[in-house]
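For reference, the chains in residue letters:
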Amino acid sequence: MFKSILVPIDLTDTDLAKPAIATAVSLSQASNGAIRLLNVLHMTPVMLAEYMPADFDVQHRQSSEDALAIVASEIRLAPSRISSAVRQGSIYHEILEEAQAINADLIVMASHRPAMRSYFLGSNAGHVVRYATCSVLVVRH
Ligand code: ADP
């Protein structure tokens, strides 16, 4: 049923991502689908750019790609059914863009417990649920 599943991952909180990955794997096994892992890098603030090494963005992207490759290698699915991508920008915006780009029919993502903070500020999961044009499964611990 789900042929193209997008799994956005916060690489600074991989424990949070594990249940989402496990859920995405079982759903894709059930429907012979593929999984795309996505990490979004923050934009370097213009004010700080002159203090950063010239190749900071390139290095940052490379470490993100390397980390996603490790996550992918631990997933028990044929390698041809796993891919990964790194984008830069606002997290929920890039998640929505990637979902469109790969024609995702499902986004599986973890979310922290609801808190007053996210009630007022909104969260990545909240924005994705609100604006995605495909189904979204929010996995809670
Ligand atoms: P919440 O939505 O619970 O308030 P967050 O917004 O921090 O908490 O993150 C929830 C989910 O958003 C994560 O599980 C992950 O799927 C996605 N996410 C957060 N940061 C990133 C990132 N840098 N790259 C990709 N996805 C991310």
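The rules behind these values
- Residues numbered from 1 in each chain as written.
- Predicted model: local features only at pLDDT ≥ 70, side-chain atom pairs only at ≥ 80, totals over all residues.
- Heavy atoms only, no water.
- Buried < 20%, exposed > 50% of the residue type's maximum accessible area, 1.4 Å probe, protein only.
- Helix = DSSP H or I, 4+ residues; strand = E, 2+ residues; numbered from the N terminus.
- Pairing = 2+ DSSP bridges.
- Near = heavy atom within 4 Å.
- Polar contact = N/O pair within 3.5 Å; in protein donor to acceptor, adjacent residues only side chain to side chain.
- Areas by Shrake-Rupley, 256 points an atom, 1.4 Å probe, with all protein chains shown as cover.
- Nonpolar A, V, L, I, M, F, W, Y, C, P; charged D, E, K, R; others polar.

**Here we look at the pairing of strand β4 (residues 106-111)**
Link 1 in the chain: Counting buried positions along β4 gives six out of six residues, so the element sits mostly inside the fold.
Link 2 in the chain: Where strand β1 (residues 4-8) lies against β4, two bridges are found, and the strand directions are parallel. Along β4, the bridge assignment pairs Leu6 with Ile107.
Link 3 in the chain: Looking at chain direction, β4 and strand β5 (residues 135-140) are connected through six bridges and run parallel. Residue Ile107 lies in a different strand from β5, and its bridge partner there is Val136.

**What about the site of the ligand?**
Link 1 in the chain: Of all residues adjacent to the ligand, which total 15 residues, the nearest are Pro8, Ser111, His112, Ser123 and Asn124.
Link 2 in the chain: Here an oxygen atom of the ligand and a backbone polar atom of Pro8 are 2.7 Å apart.
Link 3 in the chain: Asn124 has a polar side-chain atom sitting 2.7 Å from an oxygen atom of the ligand.
Link 4 in the chain: In the complex, 89% of the free accessible area of the ligand, which totals 540 Å², lies under the protein chains.
Link 5 in the chain: Listing elements by their share of the shell around the ligand, those giving two or more residues are β2 (34-41), β4 and α6 (124-131).
Link 6 in the chain: Partitioned by chemical class, the residues of the shell around the ligand number nine nonpolar, five polar and one charged.

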